[in-house]
Amino acid sequence: YADTAMYQVKEKGRDSIEFFNEEMADKVSRQLVMEGDLHRALEEKQFELHFQPKLDVASGHIVGAEGLLRWLHPTKGFISPAEFIPVLETSGMILEVGQWVLEEACKTLVRWQDKGLWQSGMRLSINISPRQFRRKAFVDDVLSTLKAYSIPENSLDMEVTEGILIQQIDEAIVTMTTLVENGISFSLDDFGTGYSSISYLKRLPVTVLKIDQGFVRDIIEDRNDRVLVETIITMGKLLDMEVVAEGVEQAEQLDILRQYGCHYYQGFYASTAVDIASFEKLLLQPQKLP
Ligand code: C2E
Ligand code: MG
Ligand code: MG
Ligand code: MG
């Protein structure tokens, strides 16, 4: 994997060679080991898509799910995406893994429809990484994948972050619009952590704002966070968007969100991300949720 080390040097410029000290060498070598492991992970089918339910704040009904990637390492057990997504990104492997996630989501939607578990209006979201979204062939790849699976109408959602969109906004709008015309919806993930201005939010074909869990976490104690969350919800409604709160862990947080009129939520209070069999049980027996 010499090319990865090269890539790092190239990316940081010539001056950085001076700083190519032991610590960096260590970091690179750990990254290379992980890259090797990740190559094998794809070949040996060590990835799984897990599902965290999205719920209606008012009714408590499941309105969909977010698919979250899990890596079951043969000796280390489950490894968090926070650790390996950045490595997939820098190595470019995210393109292959991202395509795997898309196909897995499509297969799952077909399966749930066949089993009668998927009601119309429900949506499954997948996370799209910046590198994946910006690739020229992204739209074509998604469209040909959609052709290969007949998923329920309007059942697939893509979560993107503000950073993806702000850099080349016109290209981003074209990409999103084409996909929206093909039944895909878009959610703005981790909302509030980026640089969105209302004027540019209005231009984007985004249906859902997801309030970052960082703002929800301290909503009970921190008045500033409460004001911020209320403002995001109000703004989302004014822009005709749906608002999802992430990271809800306590009943009291949910009460506040309900008071503010937040539409949907995700969080450990209802459920963590679970494997497909467990999620199917939740769809069959939603009374198991709080
Ligand atoms: P994200 O898209 O913002 O996903 C939400 C993260 O918050 C998930 O972490 C989820 O397990 C966690 N979470 C949900 N509810 C709670 C809660 O109540 N409390 C706390 N503390 N955490 C909660 P996870 O699964 O570790 O994923 C981390 C990030 O990795 C994701 O953030 C997303 O950016 C990325 N990721 C995950 N799967 C994929 C994927 O398939 N493709 C890409 N490109 N990125 C992915
Ligand atoms: Mg997400
Ligand atoms: Mg998020
Ligand atoms: Mg995140």
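Just above, that's the structure.
Throughout what follows, the structure given in this document is the object of discussion. (Residues numbered from 1 in each chain as written. Chains lettered and ligands numbered in written order. Predicted model: local features only at pLDDT ≥ 70, side-chain atom pairs only at ≥ 80, totals over all residues. Heavy atoms only, no water.)

## Topic: the site of ligand 1
Here is the rule: Throughout, near means a residue has at least one heavy atom within 4 Å of the molecule or strand. Definition of a polar contact: a pair of N or O atoms within 3.5 Å, with one able to donate and the other able to accept a hydrogen when the atoms are protein atoms, and with sequence-neighbouring residues admitted only if both atoms are side-chain atoms. Note that accessible areas follow from Shrake-Rupley with a 1.4 Å probe, and for residues the cover is restricted to the protein chains shown. Strands here are runs of E lasting at least two residues and helices are runs of H or I lasting at least four, both read from the DSSP assignment and numbered beginning at the N terminus. Any residue outside Ala, Val, Leu, Ile, Met, Phe, Trp, Tyr, Cys, Pro, Asp, Glu, Lys and Arg is labelled polar, Gly included; the first ten of those are nonpolar and the last four are charged.
For ligand 1, the set of nearby residues contains 21 residues, the closest of which are Arg70, Asn127, Asp189, Glu249 and Phe268. In this structure, Asp189 approaches ligand 1 through a side-chain N or O atom, which is 2.9 Å from an oxygen atom. Separating an oxygen atom of ligand 1 from a backbone N or O atom of Phe268 is a distance of 2.8 Å. Relative to its unbound accessible area of 810 Å², ligand 1 is 80% covered by the protein chains. Only β2 (62–73), α3 (81–91), α4 (94–114) and β6 (185–191) provide two or more residues apiece to the shell around ligand 1. Here the element with the most residues in the shell around ligand 1 is β2; it accounts for four residues. Class assignment for the residues of the shell around ligand 1 results in eight nonpolar, six polar and seven charged.

## A short note on the coordination of the magnesium ion (ligand 2)
The following threshold applies: Donor criterion used throughout: N, O or S atom within 2.8 Å of the metal, extended to 3.2 Å for Na, K and Ca. Water excluded; incomplete-looking sites may result. When accessible area is computed with a 1.4 Å probe and restricted to protein chains, residues below 20% of their type maximum are described as buried, those above 50% as exposed, and intermediate ones as partly exposed.
Taken together, Glu66 (OE), Asn127 (OD1), Glu159 (OE) and Asp189 (OD) make up the full set of protein donors to the magnesium ion (ligand 2), lying 2.0 to 2.2 Å away. Metal-to-metal, the separation of the magnesium ion (ligand 2) and the magnesium ion (ligand 3) is 4.1 Å; Asp189 coordinates the two. With Glu66 in strand β2 and Asp189 in strand β6, this residue pair connects regions lying 123 residues apart in the sequence. A relative accessible area of 4% means that Glu66 is categorised as buried.

## Description of the pattern of salt bridges
Two side chains carrying opposite charge are able to pair once their charged atoms lie near each other. Put simply, the rule is: Counted as salt bridges are all cases of a side-chain nitrogen of Lys or Arg within 4 Å of a carboxyl oxygen of Asp or Glu.
Following the criterion strictly, the structure yields eleven salt bridges and no others. Taking the shortest distance from any N to any O, the salt bridge between Arg30 and Asp26 comes out at 3.6 Å. Within this pair, Arg30 and its partner Asp26 are both found in helix α2 (residues 22–43), separated by four residues, close to a single helical turn. With its nearest N and O atoms 3.1 Å apart, the salt bridge here joins Glu159 to Lys54. Taken as a pair, Glu159 in strand β5 (residues 156–161) and Lys54 in strand β1 (residues 47–56) lie far apart in primary sequence, 105 residues in all. For the residue pair Glu159 and Lys54, the accessibility class agrees, reading buried in each case. Bridged by salt links that share partners, the residues Lys54, Glu66, Glu159, Lys210 and Glu246 form one connected network.

## A closer look at helix α12 (residues 251–259)
Going by this rule: Within this analysis, the arc is defined by the directions that extend from the helix axis to the C-beta atoms. Whether two residues touch is decided by their heavy atoms; if any such pair falls within 4.5 Å, the residues are in contact.
Those residues of α12 that sit buried are Gln253, Leu254, Ile256 and Leu257. End-on, the buried residues of α12 take up no more than an arc of 160°, which puts them together on one face. In this structure, the buried side of α12 is in contact with α10 (213–217), α11 (223–238), β8 (242–245) and β9 (264–265). Two residues or fewer past α12, Gly261 is found with a positive phi of approximately 80°.

## Details of the environment of Thr108
Within the element layout of this structure, Thr108 appears in helix α4. On the accessibility criterion, Thr108 (3% relative accessible area) is buried. In this structure the C-alpha to C-alpha distance between Thr108 and Leu188, which are 80 residues apart in sequence, comes to 23 Å. Excluding anything up to four places from it in sequence, Thr108 contacts Phe51 and Ile276.

## A word on the packing of aromatic side chains
Stated precisely, the cut-off is as follows: Pairing of aromatic rings covers Phe, Tyr and Trp, the last through its six-membered ring, and needs centres within 6.5 Å; plane angles under 30 degrees mean stacked, over 60 mean edge-to-face, and all others mean tilted.
Using the criterion set out here, one finds nine aromatic pairs in the structure. Seen in terms of ring centroids, Phe47 and Trp100 are 6.2 Å apart; in terms of plane orientation they differ by 45°. Their pairing is tilted. Here Trp100 lies in helix α4 and Phe47 lies in strand β1, a separation of 53 residues in the sequence. Consider the rings of Trp112 and Trp118, whose centres lie 5.2 Å apart with planes at 25°: the pair is stacked. Of the residues examined, Trp118 reaches a relative accessible area of 9% and is grouped as buried.

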